[in-house]
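Now for the letters of each chain:
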Amino acid sequence: MPVPTTVKSKKVKEGVDQGDGWDEWAQGKALIKPPDQLELTEEELKEEFTKILTANNPHAPQNIARYSFKERSYKPISSVDQMAVHFVLEGNLIHVDSEEARRQRARQDQTDAEPDEEIPENPVLGEEERPDSVEAQIGKKEQKVTNQFNFSERASQTLNNPLRERSCQTEPPPRCNFSATANQWVIYDAYLEELEKQEKNKDKQKTFSAKKEEDKLKKNKMVTETQSDDVTKVVKVVKIFERMVNQNTFDDIAQDFKYFEDASDEFREQEGTLLPLWKFQYDKAKRLSVTALCWNKSYQDLFAVGMGSYDFSKQGHGMLLLYTLKNSTCPEFVYPTSSGIMCLHIHDRLSHLVAVGFYDGCVAVFDLKAEEGGAAQPAFKSTAKAGKHTDPVWQVRWQNDDMDNNHNFYSISSDGRVVSWTLIKNELVFSDVIKLSLEGALPESCGTSFDFHPKIDFLFLVGTEEGKIHKCSKAYSSQFLETYQAHNMAVDAVKWNQFHPKVFLSCSSDWTVKIWDHTIRTPMFTFDLNSAVGDVAWSPYSSTVFAAVTTDGKVHVFDLSINKYEAICQQPVVAKKKTKLTHIEFNPIHPIIVVGDDRGYVTCFKLSPNLRKKPKEKKGQEVPKGPEVEEAKMEKLLSLLREPDYNSV
């Protein structure tokens, strides 16, 4: 390292002998400074900087907090253990100046002071005891000498288990902030509560003796409840046995339902027949008419029957019945009502909800999951305060849930109102969708039927008592999209085709059934059935097949792809001539229909093969299937009837 000139001058002044060659060595060595070195003055160079070394552990945490239950908050810990242990060895060495060392040293001195050899009683002169003799070896004790070159304490040879720290932390107890203002009212209410508590305590003392008697009564009730519980356990088993007995009793009908096909259809060109299967009747509903029919979409063997009366001078009670094909002797559910049922509809997805319309203008919703079974009251029911109709309700239809996922359905009545009902909590909330009006003196028109488009949510049709059909929208409540001069008497039913978006069907008491294209004001097909038509229904398997029932007791089945002029099946299905057929419904899966009459009977029929014909398959070719094929089939028929310059809507 080069020596500065200041140091050299000091040594010269002090007279230090530098030796030969110092000048040559000093001249060849020069002090090299980096270009960015900071230049300091003499005062700055002489300034002293002190550094304090502390015993604090730099790795010890400084932000440890513990929960204080006393103060109910987290508090930082100031005293942290700063000691770090790097090596621990537990040995048997002791300090020289310790008390234990002094005691050991004193004990050793005492042993040294005692005589090592004992003088024998009869010593023999001239004899010396040899160190390797047997007697000398017996008297000596062997001492273990440690190895000076390979020695380690026993304690250092064992492995000490590592120390582990274990701690737990608990969640703080729940707290809540409470604040209140004390005023005269709060103090007054507190005094009243205290008085009520005192009065209750007095009542408890008085009723203590009465409780003993109540306990006795409760024991008696428990006995009866256990008996009823035993009955409820057996109900399900009894139902299964009942169905088994009925299926064995009516085994021939069950076999016909599953396997029978009318072989005589091969010898008929186009006509078909209806095979009678089951007949449903409830003894307590003999004097009531079948006013509504509806199949359950989730359970295809279950259907609902509404019982009431179309004779307005003999109105009375009604009944809601639910039958299954597995048991034709007795309904599965029975709901008696104070007013006659005029219409009903089962929810497509929630199959336990049934909407019902009554003769007195009320609408209600029955829940089949109610615990009390058939004796349960409706879960929802409209009242005079809740916007009920003033005239009989002729039709109800479930719709898609609203924006808040609330279930809703629509109803139409003779008072001219189409009302939307929403199920909110435990009440029905209504809103008027449209009011039917007449041109002339009468302020309102009487609605008799309606149906909603299967694909266009806002579009629906309304049939009136005057024979008109209005095409309406949910978005317009003051006007109609179109009005069709459909029939000369009341429109009993109007139904959209499930496959073709433009086609709908209507029937009336003027003996006619008409098929419409809603873009054209005139009907595409008109059929005269020589009797008042009670109801019509489209088939779920074909866009060109529909059926109708008339008051003379006949069922008419049409297939437009086979015959566009007359029915391919006209069959009377009642035993008595005065019996009138009121309603008809196709099963959504099986090739059967149910027909209701004014005597309270519901009869099930199976369609013969000619009534549900399908295109024949050619060799090597697959017949196309699906709703597009059915729509094209109906469109082909309509294209033959449309004129090039028809009066379109």
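Quick notes on the rules
- Residues numbered from 1 in each chain as written.
- Predicted model: local features only at pLDDT ≥ 70, side-chain atom pairs only at ≥ 80, totals over all residues.
- Heavy atoms only, no water.
- Helix = DSSP H or I, 4+ residues; strand = E, 2+ residues; numbered from the N terminus.
- Contact = heavy atoms within 4.5 Å.
- Areas by Shrake-Rupley, 256 points an atom, 1.4 Å probe, with all protein chains shown as cover.
- Pairing = 2+ DSSP bridges.
- Expected span 1.5 Å × (residues − 1).
- Buried < 20%, exposed > 50% of the residue type's maximum accessible area, 1.4 Å probe, protein only.
- Arc of directions from axis to C-beta.
- Patch = residues over 30% accessible without salt bridge, like charges linked within 9 Å, V, L, I, M, F, W, Y side chains within 5 Å.
- Salt bridge = Lys/Arg side-chain N within 4 Å of Asp/Glu carboxyl O.
- Lys, Arg positive; Asp, Glu negative; His and termini not counted.
- Charge placed at Lys NZ, Arg CZ, Asp CG, Glu CD.
- Phe/Tyr/Trp six-rings, centres within 6.5 Å; stacked < 30°, edge-to-face > 60°.
- Core = buried A, V, L, I, M, F, W, Y, C linked by side-chain atoms within 4.5 Å.
- UniProt positions renumbered as here; feature names shortened; annotations may be inferred.

Enquirer: Lay out the overall build of the protein chain with the relevant residues and their values.
Expert: In terms of helices and strands, the protein chain carries 8 helices and 30 strands. Taking all contacts inside the protein chain whose residues are at least 6 apart in sequence as the whole, residues at least 24 apart take part in 49%. Carbon and sulfur atoms provide 52% of the accessible area of the protein chain, an area that totals close to 45,700 Å².

Enquirer: Give a detailed account of the sheet that holds strand β10 (residues 363-367), specifying residues and quantitative values.
Expert: Here we have 4 strands laid out as an open sheet, ordered β8-β9-β10-β11, and antiparallel in their pairing. The open sheet has two edge strands with one neighbour each: β8 (341-346) and β11 (380-381).

Enquirer: Got a sec to walk through helix α8 (residues 627-641)? Specific residues and values, please.
Expert: Across its 15 residues, α8 extends 22 Å between first and last C-alpha, which sits within 8% of the 21 Å expected from 1.5 Å per residue. Listing the buried residues of α8 in full gives E630, M634, L637 and L638. The buried residues of α8 occupy an angular sector of 95° when the element is viewed end-on, so they sit on one face. Opposite the buried face of α8, by more than 90 degrees, sit the exposed residues E628, K636 and L640.

Enquirer: Any chance you could break down unusual backbone geometry for me, citing the residues and the numbers?
Expert: Look at N405: it is not a glycine, yet its phi comes out positive at around 60°. Tracing the chain through its elements places N405 in the loop between β12 (393-399) and β13 (408-413). According to the relative accessible area criterion, N405 is exposed, its value standing at 60%. You will see that W511, though not glycine, has its phi angle at about 80°, which is positive. One can find W511 in the loop between β21 (503-508) and β22 (512-517). With relative accessibility at 40%, the residue W511 sits in the partly exposed group.

Enquirer: Residues and numbers for a negative patch on the surface, please.
Expert: A cluster of acidic residues, D189, E193, E194, E196, E199 and D203, forms a negative patch at the surface. As for its placement among the helices and strands, D203 is situated in helix α6 (residues 184-249). According to the relative accessible area criterion, D203 is partly exposed, its value standing at 43%.

Enquirer: So, the pattern of salt bridges: which residues are in play, and what are the values?
Expert: In a structure, side chains of opposite charge can pair up when their charged atoms sit close to one another. Under the defined criterion, the tally for this structure stands at 14 salt bridges. The salt bridge partner of D262 is R268, with a shortest N-O separation of 3.7 Å. When the shortest N-O distance is used, the salt bridge between R417 and D415 registers 3.7 Å. Each of the two residues, R417 as well as D415, counts as buried. Several salt bridges share partner residues, and in doing so they unite E261, K606 and R612 into one network.

Enquirer: Give a description of the pairing of strand β24 (residues 533-538) that names residues and reports values.
Expert: A large share of β24 lies buried, amounting to 5 of its 6 residues. Two elements, β24 and strand β25 (residues 545-550), share 5 bridges in a ladder whose sense is antiparallel. Residue pairing for β25: W538 is matched across the bridge by F546. Counted between consecutive antiparallel strands, the loop separating β24 from β25 contains 6 residues.

Enquirer: Please give an account of the packing of aromatic side chains that cites residues and values.
Expert: A complete count under the given rule lists 26 aromatic pairs for this structure. When the ring of F312 is compared with that of Y359, the centres are 5.7 Å apart and the planes differ by 25°; the resulting orientation is stacked. Here Y359 lies in the loop between β9 (353-358) and β10 and F312 lies in the loop between β5 (302-308) and β6 (318-324), a separation of 47 residues in the sequence. For Y359, a relative accessible area of 23% corresponds to the partly exposed category.

Enquirer: Tell me about the nonpolar core, residues and numbers included.
Expert: In this structure, F303 and V305 are the most contacted members of the largest nonpolar core, which totals 23 residues. Contributing elements (two or more residues each) for this core: α7 (251-259), β3 (274-280), β4 (289-295), β5, β6, β29 (592-597) and β30 (602-607). Once you skip the residues sitting within four places of it in the chain, V305 turns out to touch V290, A292, L293, M319, L320, L321, Y323, L344 and V602. Grouped together as the second largest cluster of nonpolar side chains are 22 residues, I515, W538, A548 and M634 included.

Enquirer: How would you sum up the UniProt feature "repeat: WD" (unreviewed entry) in the protein chain? Please name residues and give values.
Expert: The positions that UniProt labels "repeat: WD" (unreviewed entry) are, in the present scheme, residues 484-517. What you have in residues 484-517 is 0% helix and 59% strand, and the ends, taken at the C-alpha atoms, are 11 Å apart.

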